[in-house]
Amino acid sequence: NHQPPTPNPMALITCDFFSDALELNVTIRVILPQPTATHAHHYPGADLSPPHPTLYLLHGLGDNSSAWTRQTSIERYVWKKNLAVVMPEVHRSFYADMVMGNKYWTFITEELPTVCQRFFPLSDKREDTFAAGLSMGGYGAFKWALAHPERIAAAASLSGALDRTQRVVSTDKMTDELVHVFGGPEAYRGSINDLLHLATQLADSDRPRPALYQCCGTEDFVYPENISFRDHLRDVGIKSTYHEHDGEVHEWGYWDRMIQDVIEWLPLRSGE
């Protein structure tokens, strides 16, 4: 009887470092496949920490870098995949270089991957680099993939806040906050923060097309945004995987289930 090989255990690392982009100390959490003493015994001199494919997993509004590990079993879902997971923290910034605030877009897309690849054995190849997130994090993941498709091979949005156009021009409390993030409607439309604009730009270019995965519940308050974004992708000719689920709302039980689907969907290379 040959038992299948046991997957490596995973390390969960809390990492504090100084961000040059933000000019403050930040916390990230990293799930990393762990080399074992058994491997060292059987394969002396072998490289026990090859560069791992990496999922940058983004939190939603009001959460922090601990959200995914506290509310889901993400570590258990990735342990057979040889997949590292990086969970940063951006507060309520919408992953933007804020009009009134810090440069979280620069931090996420420029500084974070460079720092993480220096600290940990993470691949720097596009085909090994993925982004996903929920709500505000779904927006951030798609923004990253659409703005930098040469860096991100696949991105997933779970109940994403994908079309902020109506929010920016409405009169509720959220609008005031978004104006501090993005500026007013004129500043938002057609900018790097406007996902519909980014999708149109990508469709009109010869840049690579990242794989996109989008899901949302029909009773979720961001469902209308997801429909408008889905339809816009279709209109401009960008392919995506789209799922909607009757009766589901904006909550962790749904995201815990759907992140498992995302992990199976990721285009991990053979042998990973």
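Residues numbered from 1 in each chain as written. Predicted model: local features only at pLDDT ≥ 70, side-chain atom pairs only at ≥ 80, totals over all residues. Heavy atoms only, no water.

Some thoughts on the overall build of the protein chain
Part 1 of the reasoning: Secondary structure summary: the protein chain contains 11 helices and eight strands in total.
Part 2 of the reasoning: Burial statistics for the protein chain: of 272 residues in total, 51% are counted as buried.
Part 3 of the reasoning: Once local pairs closer than 6 in sequence are excluded, the contacts in the protein chain between residues at least 24 apart make up 72%.
Part 4 of the reasoning: Counting every atom, the protein chain has about 12400 Å² of accessible surface; 49% of that belongs to carbon and sulfur. (Helix = DSSP H or I, 4+ residues; strand = E, 2+ residues; numbered from the N terminus. Buried < 20%, exposed > 50% of the residue type's maximum accessible area, 1.4 Å probe, protein only. Contact = heavy atoms within 4.5 Å. Areas by Shrake-Rupley, 256 points an atom, 1.4 Å probe, with all protein chains shown as cover.)

A look at helix α5 (residues 136-147)
Since one α-helical turn is 3.6 residues long, residues separated by three or four positions face the same way.
Part 1 of the reasoning: Counted at 1.5 Å a residue, the expected span for α5 with its 12 residues is 16 Å, and the 16 Å between its end C-alpha atoms agrees.
Part 2 of the reasoning: Counting buried positions over the 12 residues of α5 gives 12, a clear majority of the element.
Part 3 of the reasoning: Every buried residue of α5 is accounted for by Met136, Gly137, Gly138, Tyr139, Gly140, Ala141, Phe142, Lys143, Trp144, Ala145, Leu146 and Ala147. (Expected span 1.5 Å × (residues − 1).)

Examining the pairing of strand β4 (residues 84-87)
Part 1 of the reasoning: Of the two faces of β4, both are covered, the one formed by Ala84 and Val86 as well as the one formed by Val85 and Met87.
Part 2 of the reasoning: By the bridge criterion, three bridges tie strand β2 (residues 24-33) to β4 in an arrangement that is antiparallel. Residue pairing for β4: valine 30 is matched across the bridge by valine 86.
Part 3 of the reasoning: Sheet topology note: the strand β3 (residues 54-58)/β4 ladder contains three bridges and is parallel. From the neighbouring strand, leucine 55 faces β4, where its bridge partner is valine 85. (Pairing = 2+ DSSP bridges.)

Observations regarding unusual backbone geometry
Part 1 of the reasoning: One non-glycine residue, histidine 91, lies in the positive phi region at around 60°.
Part 2 of the reasoning: Take histidine 91: it is sitting in the loop between β4 and α4 (104-119).
Part 3 of the reasoning: Taking the relative accessible area as the measure of exposure, histidine 91 reaches 43% and is therefore partly exposed.

Focus: the side chain of threonine 129
Part 1 of the reasoning: Within the secondary structure, threonine 129 is located in strand β5 (residues 129-134).
Part 2 of the reasoning: Judged by its relative accessible area of 8%, threonine 129 falls in the buried class.
Part 3 of the reasoning: Apart from residues lying up to four places away in sequence, threonine 129 is in contact with Thr54, Tyr56, Ser123, Arg151, Ile152, Ala153 and Ala154.

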